[in-house]
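Close look at the chain arrangement
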Amino acid sequence: KLARMGKVSKQKRRLLRTMRLAFESPRDHMPWEFGFTELLSFRCDRGHAVVPQHRTGPGWTLGFWVMRQRQRRAAGEMSGRQVALLDAVGFVWNNRNEKWDAHYVDLIGFVQRMGDCNVPKRFKGCGGLSYWVAHQRREAKKGTLPL
């Protein structure tokens, strides 16, 4: 970190490099295939490819790898093969849309069971549904609810 901030002299950097100490995080150089294999393993265990950002593996973070793939695609840095492989396993490119859709489906189920959209704050059936509904109401009041 100090090297990136320019706080380590060139001479000290040369000395450290001769000792083969890396200035980058190992996760910056992890082979793409390794991350993809870990994603496949996650999908087999969970039945989906929506990885929480904090999800860790041995010595690295799968959630970080997933976030980085989204960034790389947006920057046009991914090969067509990589995009196709991720699409084939149900990779979610926009997690916000996926979460919104999931909450909407949960709300439909709630309305079918209860007859209204008044989700109690401590409702246990769907994770975070009451907060999501409250947020949608706030956005509607402000006039910022997307159509």
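Refer to the structure printed above.
Every value quoted in this text rests on a predicted model; they were computed, and no experiment measured them.

Each value, and the rule that gives it
- The numbering scheme is per chain: residues are counted from 1 as the chain's sequence reads.
- Where local features are concerned, this predicted model is filtered to residues with pLDDT of at least 70; where side-chain atom pairs are given and counted, the filter is 80 or more; whole-chain, interface and lining totals use all residues.
- The side-chain figures draw on all heavy atoms in the structure; neither hydrogens nor water molecules are used.
- Comment: elements are numbered from the N terminus, with helices defined as DSSP H or I runs of at least four residues and strands as E runs of at least two.
- We call a residue buried when its accessible area falls under 20% of the maximum for its residue type, exposed when it is over 50%, and partly exposed in between, using a 1.4 Å probe and counting protein chains only.
- The definition of a polar contact used here is a pair of N or O atoms within 3.5 Å, where within protein one atom must be able to donate a hydrogen and the other to accept one, and adjacent residues in sequence count solely through side-chain atom pairs.
- Should any heavy atoms of two residues lie within 4.5 Å, those residues are considered in contact.
- Classification of ring pairs uses Phe, Tyr and Trp, with its six-membered ring standing for Trp, and accepts pairs whose centres are within 6.5 Å; under 30 degrees between planes counts as stacked, over 60 as edge-to-face, and the remaining range as tilted.
- A ring is considered to have a charge above it if a Lys NZ or an Arg CZ atom is located within 6 Å of its centre and within 35 degrees of its normal.
- The term nonpolar core refers to a set of buried residues drawn from Ala, Val, Leu, Ile, Met, Phe, Trp, Tyr and Cys, joined through side-chain atoms within 4.5 Å.
- An expected span of 1.5 Å times one less than the residue number is assigned to each helix.
- Throughout this description, the term salt bridge denotes a Lys or Arg side-chain nitrogen within 4 Å of a carboxyl oxygen of Asp or Glu.

1. Here we look at the side chain of Gln69
Looking at where Gln69 falls in the secondary structure, it is placed in helix 3 (residues 62-74). The buried category is assigned to Gln69, whose relative accessible area is 3%. Within polar-contact distance, the side chain of Gln69 engages the side chain of Arg72 at 2.9 Å. Here Gln69 is in contact with Trp32, Met78, Leu86, Phe91 and Trp93, once residues within four sequence places are set aside.

2. Some thoughts on the packing of aromatic side chains
The geometry of an aromatic ring pair comes down to the distance between the two centres and the angle between the two planes. A complete count under the given rule lists three aromatic pairs for this structure. Pairwise contacts between aromatic rings join Trp32, Phe36 and Trp65 into one cluster. Note that Arg73 overlies the ring of Trp93, its terminal NZ or CZ placed 4.3 Å from the centroid.

3. Quick look at the nonpolar core
One finds Leu39, Trp65, Val66 and Leu86 to be the most contacted residues of the largest nonpolar core, which totals 15 residues. Mapped by element, the contributors of at least two residues to this core are helix 2 (32-46), helix 3 and helix 4 (80-88). In terms of residue count, helix 2 provides more of this core than any other element does, four residues in total. Core analysis: the next-biggest nonpolar cluster, separate from the first, contains six residues, Phe110, Leu129, Trp132 and Val133 among them.

4. A short note on helix 3
A rise of 1.5 Å per residue sets the reference length of helix 3, with its 13 residues, at 18 Å; its end C-alpha atoms lie 19 Å apart and thus fit the reference within 8%. All of the buried residues along helix 3 are Leu62, Gly63, Phe64, Trp65, Val66, Gln69 and Arg72. Immediately beyond the C-terminal end of helix 3, within one or two residues, lies Gly76, with a positive phi of roughly 75 degrees.

5. Notes on the pattern of salt bridges
Taken as a whole and assessed by the stated rule, the structure comprises two salt bridges. The closest approach of N and O atoms between Glu77 and Arg68, which form a salt bridge, is 3.6 Å. Residue Arg68 is classed as partly exposed on the basis of its relative accessible area of 32%. Its salt-bridge partner being Glu139, residue Lys142 comes within 3.4 Å of it at the nearest N-O pair. Here the residue Lys142 and the residue Glu139 both occupy positions in helix 6 (residues 129-142), the gap between them amounting to three residues, near one helical turn. Judged by relative accessible area, which is 58%, Lys142 ranks as exposed.

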